[in-house]
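Architecture at a glance
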Amino acid sequence: VQLQASGGGLVQAGGSRRLSCSASGRGFINYTVAWFRQAPGKEREFVSAVKYGVGTTYYSDFVKGRFTISRDNDKKTVALQMNSLQPEDTAVYYCAAASLLHYYYYSAERCYNFWGQGTLVTVSS
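Our focus in this paragraph is the sheet that holds strand 7 (residues 67-72). One open sheet accounts for 4 strands, arranged 1-3-8-7; its pairing is antiparallel. Unpaired on one side and paired on the other, strand 1 (2-6) and strand 7 mark the two borders of the sheet. Ignoring which end each strand starts from, the neighbouring axes of this sheet average 15° apart. Looking at chain direction, strand 1 and strand 3 (residues 17-24) are connected through 5 bridges and run antiparallel. Its bridge partner lying in strand 3, Q2 is registered against S24.

Shown next as structure tokens:
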């Protein structure tokens, strides 16, 4: 499966942004899709994931209550709605996919074998 992330841009603190991850290829419904981010000078970190099939969602503690992940299997897309953005959310956001990944491994980037190119979100104070 190939992934393409989009939707990044400049947003003021407290604002919202919606990222989209579009997939091509077969069997999208069987892939867990996650968002990771990498801030300048920092390591890449897990943000959120949506399970294959029915789409159970998972979030890192620092985005719970602010970000919402969702998937549309018919359109082969995963969205990340980001609200109440803060300057510390500034990062390149990557979507990633892994086939039938168990939730135990959702935050482990080494378990994802398909990655999008990343989209930059800049939050100004």
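Read on, since the account is not over.
If you walk through the whole model with that rule in mind, you get 5 salt bridges. Of the charged contacts in the structure, one is a salt bridge between R37 and E45, with a shortest N-O distance of 2.8 Å. Relative accessible area serves as the criterion here: at 5%, R37 is assigned to the buried category. Classification of E45 by relative accessible area gives partly exposed; the value is 31%. Residue D89 is joined to R66 by a salt bridge in which the shortest nitrogen-to-oxygen separation is 2.7 Å. On the criterion of sequence distance, the pair formed by D89 in the loop between strand 8 (77-82) and strand 9 (91-99) and R66 in the loop between strand 6 (57-59) and strand 7 is long-range, its members being 23 residues apart. Overall, D89 belongs to the buried group, its relative accessible area being 1%. Put simply, R37, E45, R66 and D89 are held in one network by salt bridges that share partners.

The rules we used
- Every chain's residues receive numbers from 1 upward, in the order its sequence appears when written.
- Whole-chain, interface and lining totals are the exception, using all residues; otherwise, since this is a predicted model, local features are given only for residues with pLDDT of at least 70 and side-chain atom pairs are given and counted only at 80 or more.
- For the side-chain quantities, the full set of heavy atoms in the structure was used; hydrogens and water were omitted.
- In this analysis, strands are considered paired if DSSP registers two or more bridges between them.
- By the criteria applied, helices consist of DSSP H or I runs no shorter than four residues and strands consist of E runs no shorter than two, each listed in order from the N terminus.
- Here an angle of 0 to 180 degrees is reported between the N-to-C directions of two axes, which are lines fitted to C-alpha atoms, with helices fitted over the stretch in contact.
- By salt bridge we mean one thing: a side-chain nitrogen of Lys or Arg within 4 Å of a carboxyl oxygen of Asp or Glu.
- The buried label goes to any residue with under 20% of its type's maximum accessible area, the exposed label to any with over 50%, and the partly exposed label to all in between, with areas taken from a 1.4 Å probe on protein chains only.

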